[in-house]
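For reference, the chains in residue letters:
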Amino acid sequence: MTSSNLATSEDAIEIGAPHIRDSIREAIVERRLAPGTKLSESDVGGLFSVSRTVVRAALQALSYEGLVTVEKNRGAFVAYPSVAEAQQIFATRRLIEPGLLREAARHLEKRHIKELRELLAEEERLTIQRGQSARRAEIKASGDFHLAIAAITGNAILKRFMDELIARSSLVIALYGQSVISSCGHSEHQEIVDALERKDVDTACALMLEHIDHIEADLDLRATKRDSNLKDALRL
């Protein structure tokens, strides 16, 4: 391969891999891609019209986030979290999110409350809609609320860590969740924002812990594996 061809190949990876990574990640977070779904390099490459090298870079990036597992001689799969991993994810959220709320409260401005209220309004709109697409959008909106709290802190590392935690929580909920309504309660989000607005941080933290408890309580840790259609899940 010439230096020109090598540069072109590297450019393709740099441009294409993040798009594929984000598309697969979004499908996982919105629970369109079920845990355990095989992510064939050739199939994904065909759907996005890119080489297997580009797909491999995207899948490797997702494996660093814990969203994809790459098995020797078998290929890549959407991660299939064990019961122990599921419990560890929520234990981590209990440790992280109260501290995150306290840090957010230190930076909280009126505009942040307005932005959170707007997120809640969209979440509420989605809760009254019917159909699978509305349900998936509601799940994403629920996760976005937690990420918005992280964003208020202004801490980019914390925000990135929460991105991973929320994505991995979505995987767990996709695998083990029981409710047909959102596992991330809309009314509980409202109560947390109310407490933040009146500067009652202790109550906001207590409510967040109860909220995480409720999410985990909705899990059925005996659930069995289900499959996804890759093309449909990626909306291609």
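Above this text is the structure in question.
Residues numbered from 1 in each chain as written. Predicted model: local features only at pLDDT ≥ 70, side-chain atom pairs only at ≥ 80, totals over all residues. Heavy atoms only, no water.

Engineer: How would you sum up the nonpolar core? Please name residues and give values.
Structural biologist: Ranked by internal contacts, the top residues of the largest apolar core, which has 36 residues, are Leu101 and Ile149. At the level of secondary structure, the elements contributing two or more residues to this core comprise helix 4 (83-107), helix 5 (110-127), helix 6 (132-152), helix 7 (156-176), helix 8 (186-197) and helix 9 (201-217). The dominant element in this core, judged by the number of residues it contributes, is helix 7, at eight residues. Leaving out residues up to four positions away in the same chain, Ile149 has contacts with Leu100, Leu101, Ala104, Leu116 and Leu196. Ala17, Ile20, Leu67 and Ala233 belong to the second-largest nonpolar core, a separate cluster that totals 25 residues. (Core = buried A, V, L, I, M, F, W, Y, C linked by side-chain atoms within 4.5 Å. Buried < 20%, exposed > 50% of the residue type's maximum accessible area, 1.4 Å probe, protein only. Helix = DSSP H or I, 4+ residues; strand = E, 2+ residues; numbered from the N terminus. Contact = heavy atoms within 4.5 Å.)

Engineer: Lay out helix 8 with the relevant residues and their values.
Structural biologist: For helix 8, built from 12 residues, the straight-helix expectation of 16 Å at 1.5 Å per residue is met to within 8% by its first-to-last C-alpha distance of 17 Å. Those residues of helix 8 not exposed but buried are His186, Glu188, His189, Ile192, Val193, Ala195 and Leu196. With its phi angle positive at about 65°, Lys199 sits one or two positions after the end of helix 8. (Expected span 1.5 Å × (residues − 1).)

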